[in-house]
Amino acid sequence: MTEEIRYDTAAEADVIEGAPRVEAPAGAPPVDGLGCHSGSEMEKAARMSGNSEVLDQYARDYPQGPHDKPQSMCPAFGSLRVGLRMRRVATVLSGSACCVYGLTFVSHFYGARRSVGYVPFNSETLVTGKLFEDIRESVHDMADPDRFDAIVVTNLCVPTASGVPLRLLPSEINGVRIVGIDVPGFGIPTHAEAKDVLAGAMLNYARAEVEAGPVAAPVGGKSDRPTVSLLGEMFPADPMMIGQMLAPLGLAAGPVVPCREWRELYAALDCGAVAAIHPFYTAAIREFEAAGRPIVGSAPVGHDGTAAWLDGIGDAFGLPTGKVAEAQNMFLPAIKGALSGARIDGTITLSGYEGSELLVARLLIESGATVPYVGTACPKTPWSAADAEWLEAKGAKVKFRASLEDDCSAMEGVNPDLAIGTTPVVQKAKELGIPGLYFTNLISARPLMGPAGAGSLATVVNAAISNKGRMDKMKAFFEGVGEGDTAGVWEGDPNLRPEFRAQNLKKLERAEKARVAANGGVKC
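Now for a quick tour of the structure. Computed from a predicted model, the values in this text were never measured in an experiment.

1. Some points on the nonpolar core
The biggest cluster of nonpolar side chains holds 77 residues, and the ones touching the most others in it are Ile151, Trp262 and Phe288. Of all the elements, helix H8 (residues 191-212) adds the most residues to this core, at nine residues. Apart from the residues lying within four places of it in its own chain, the contact partners of Trp262 are Met86, Asp149, Ala150, Arg177, Val179, Met202, Tyr205, Ala206 and Glu209. Grouped together as the second largest cluster of nonpolar side chains are 59 residues, Phe331, Val398, Leu437 and Ala454 included.

Encoded structure:
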């Protein structure tokens, strides 16, 4: 007998043993703790609770990819962010306390300056329906027309799976609109698409108000020219740049959807056409189409993109080709000049979950970069087809609904000069000694449209590519640290046991041989 080898005093800590888990009876709502990563169980519970219609609509609007759970942050952050950025709009969450804590933390981290309402629950209030009564009481208490134009109530995973019926809330209390939405992680694949859930719900409400009678005019008044509503969050300078490019056509840039206040929704619906800058806003597009508004895909990004987009706007408004050509001649030379003065020399893999990945890839390619792979967590839609076709003609592999594994595999296979992607992709790239840039904070937070966007990426991209030598030095210095046998915290040298690894390898080999034998000698 040998004594146990101990490295610290952790073995002396008291261990509290929990009781065995009791399975819930058939038909009962899920217990708190099952979340967006619980796979099909939460969806099954939601359908049993009467939410099949909602989930079926989400399946049509936001088709799933190769994975059945979010691989980025909680999707509800997208809709929460939209509500918190609107003036005179209150936000209330209904969900597990841990989820609400995480969502509010991230919201304030990203600059929210207002409180998030929360209606807590327990197993009893969830099962008896008291939670819905608590939500209704809360919105009645909050419905102050002097403070709010609308209150948004959001069901997270557990209330959605339990069938908490937000549709039964009154549509209006004391003149304050009540908008209830379900944003479960098992039905909405990305937080970008959750923005569309709330934007679409608000447009639907506003469209019904417009159809019922006169509504309030925008704070800045109504435009004296036909407008183009802009769909998708973008850098603040981009709508102004788009407005400048529309002016020679006798048009103006309308509101950006998601909007910043309620009455902007009316102005957005009162447009002549909609520019689907972010092409995955399926619910919002459905509302615009119901209002009879044509949709123009892509965006005025780079030389080719701007030329094609202005043609599309001209077609949507029935403008003479000569007038469109005049606008193109005003801006295309400036864009070409900006691109030629801000060249990018290098191979770049690009991925993200914001929805603007294809637009950024177009701009990089026109700036001189080689982009063999473009991955986006968002789905393919008719309004992204032109961008995908252009990129593929330039030799890029475009992957819609790309998983983290897709993005990492492409980055490792290409071994680019720069990897632009989400946090885990950038982390993996830097482990391999490849320079990386986080897409959301360093790339999408820059102007992309027209002449202003043409040279906006070169400085940061070229600076990152030039850091390759520094990355090589860091990799060489830290080689072998924090991975494999050296992972974790050690007070001394790692206690290596190669005999255990060899023994486990033999077990795996025997299991594989047994599996092949049971399969009739076929390895696959």
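Now that the structure has been shown, we can carry on.
2. Remarks on the pattern of salt bridges
Under the defined criterion, the tally for this structure stands at 19 salt bridges. Here Lys44 ties to Glu41 by a salt bridge, and the two come within 3.6 Å at their closest N and O atoms. Taken together, the residues span about one helical turn, with Lys44 and Glu41 both in helix H1 (residues 40-48) at a distance of three residues. Where Arg225 meets Asp224, a salt bridge forms, and the shortest distance between an N and an O atom there is 3.9 Å. We classify Asp224 as exposed; its relative accessible area is 73%. Each of Arg81, Arg85, Lys195 and Glu233 takes part in a single network of salt bridges with overlapping partners.

3. Quick look at the packing of aromatic side chains
On inspection of all chains with the given rule, the structure shows five aromatic pairs. Each ring, one from Tyr205 and one from Trp262, has its centre 5.6 Å from the other, and the planes form 90°; the classification is edge-to-face. Pair noted here: Tyr205 is in helix H8 and Trp262 is in the loop between strand E7 (252-257) and helix H10 (263-269), with a separation of 57 residues, a long-range link. Judged by its relative accessible area of 1%, Trp262 is buried.

4. Focus on the sheet that holds E7
Remark on secondary structure: sheet strands pair via backbone hydrogen bonds, oriented parallel or antiparallel. Ordered in space as E7-E6-E8-E9, the four strands form an open sheet in which the pairing is parallel. Where the open sheet ends on each side, the last strands, each with one partner, are E7 and strand E9 (295-296). Here four bridges tie strand E6 (residues 227-231) to E7, and the two strands are oriented parallel to one another. Bridging from a neighbouring strand, Leu230 pairs with Val256 of E7. Packing of helix H11 (residues 282-290) onto the sheet brings it into contact with E6, E7, strand E8 (273-275) and E9, and relative to E6 it is tilted by some 160°.

5. Some points on the sheet that holds strand E13 (residues 418-421)
The parallel open sheet is built from five strands, whose spatial order is E12-E11-E10-E13-E14. Both edges of this open sheet fall to strand E12 (397-400) and strand E14 (436-438), since each of them pairs with a single strand only. Averaged over all neighbouring strand pairs, the angle between strand axes comes to 10°, with direction disregarded.

6. Some points on the environment of Gln503
Of note, Gln503 is situated in helix H22 (residues 498-518). Gln503 gets classed as partly exposed once you look at its relative accessible area, which sits at 44%. With 76 residues separating them in the primary sequence, Gln503 and Gln427 have C-alpha atoms 32 Å apart.

7. Re empty space enclosed by the protein
Across all of its chains, the model carries one cavity of 30 Å³ or more by this definition. Together, 13 residues line the largest cavity, and Pro279, Gly355, Leu358, Ser384 and Phe400 are the ones closest to its centre. Take the lining of the largest cavity: its biggest share by element is three residues, from helix H14 (residues 357-366). For the lining of the largest cavity, the class distribution of residues is eight nonpolar, three polar and two charged.

About the criteria used
- Residues numbered from 1 in each chain as written.
- Predicted model: local features only at pLDDT ≥ 70, side-chain atom pairs only at ≥ 80, totals over all residues.
- Heavy atoms only, no water.
- Core = buried A, V, L, I, M, F, W, Y, C linked by side-chain atoms within 4.5 Å.
- Buried < 20%, exposed > 50% of the residue type's maximum accessible area, 1.4 Å probe, protein only.
- Helix = DSSP H or I, 4+ residues; strand = E, 2+ residues; numbered from the N terminus.
- Contact = heavy atoms within 4.5 Å.
- Salt bridge = Lys/Arg side-chain N within 4 Å of Asp/Glu carboxyl O.
- Phe/Tyr/Trp six-rings, centres within 6.5 Å; stacked < 30°, edge-to-face > 60°.
- Pairing = 2+ DSSP bridges.
- Axes fitted to C-alpha atoms, helices over the stretch in contact; angles between N-to-C directions.
- 1 Å grid on protein atoms, 1.4 Å probe; cavity = no way out; pocket = protein on both sides within 12 Å on 5 of 7 lines; lining within 4 Å.
- Points joined across faces, edges and corners; volume = space filled by probe spheres on them.
- Nonpolar A, V, L, I, M, F, W, Y, C, P; charged D, E, K, R; others polar.

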